[in-house]
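Per-entry structural report
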Amino acid sequence: SANAPDTHAEAMGLGPPWPAAICKEFSNHQQNGSWKSILRSEVPSGRRIHKFVWVFKMKRDGTAKARLCVQGCTLEAGVDYN
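Notes on the structure in this doc start here. (Residues numbered from 1 in each chain as written. Predicted model: local features only at pLDDT ≥ 70, side-chain atom pairs only at ≥ 80, totals over all residues. Heavy atoms only, no water.)

1. Brief notes about the packing of aromatic side chains
Scanning all chains against the criterion turns up four aromatic pairs. With a centroid separation of 5.3 Å and 80° between ring planes, the pair formed by F26 and W54 is classed as edge-to-face. A residue pair is termed long-range when its members are at least 10 positions apart, and F26 in helix α2 (residues 18–32) and W54 in strand β1 (residues 52–58) qualify at 28 residues. Given a relative accessible area of 12%, W54 falls into the buried group. (Phe/Tyr/Trp six-rings, centres within 6.5 Å; stacked < 30°, edge-to-face > 60°. Helix = DSSP H or I, 4+ residues; strand = E, 2+ residues; numbered from the N terminus. Buried < 20%, exposed > 50% of the residue type's maximum accessible area, 1.4 Å probe, protein only.)

Here you go:
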């Protein structure tokens, strides 16, 4: 959206409300059990690491929203998903 940062670095530089939105997104993933942090050395053999990007939006009600998204263009059918 027009009032939202384009990058994580920009969001952190702008300050509130973006850092809180980022923390909320991390908290949601942690509560949902949708991911966990692991060391690169712990990645199972045959598995690939994919980059993610932050997507920011200022909602109509003035709420800041941050989403953590995997770069889907790097995923391959039969390798990363069925």
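Further notes follow.
2. Details of a nonpolar patch on the surface
A contiguous nonpolar surface patch, about 370 Å² in accessible area, is contributed by F52, V70, L75 and Y81. Structurally, the position occupied by L75 is in the segment after β2 (64–70). According to the relative accessible area criterion, L75 is partly exposed, its value standing at 32%. (Patch = residues over 30% accessible without salt bridge, like charges linked within 9 Å, V, L, I, M, F, W, Y side chains within 5 Å. Areas by Shrake-Rupley, 256 points an atom, 1.4 Å probe, with all protein chains shown as cover. Salt bridge = Lys/Arg side-chain N within 4 Å of Asp/Glu carboxyl O.)

3. Some words on the pairing of β1
Here β1 runs beside β2; their pairing, made up of seven bridges, is antiparallel. Counted as the bridge partner of F56 is A66 from β2. Remark: five residues form the turn of the hairpin made by β1 and β2, two consecutive strands paired antiparallel; G62 in that turn has positive phi of roughly 90°. (Pairing = 2+ DSSP bridges.)

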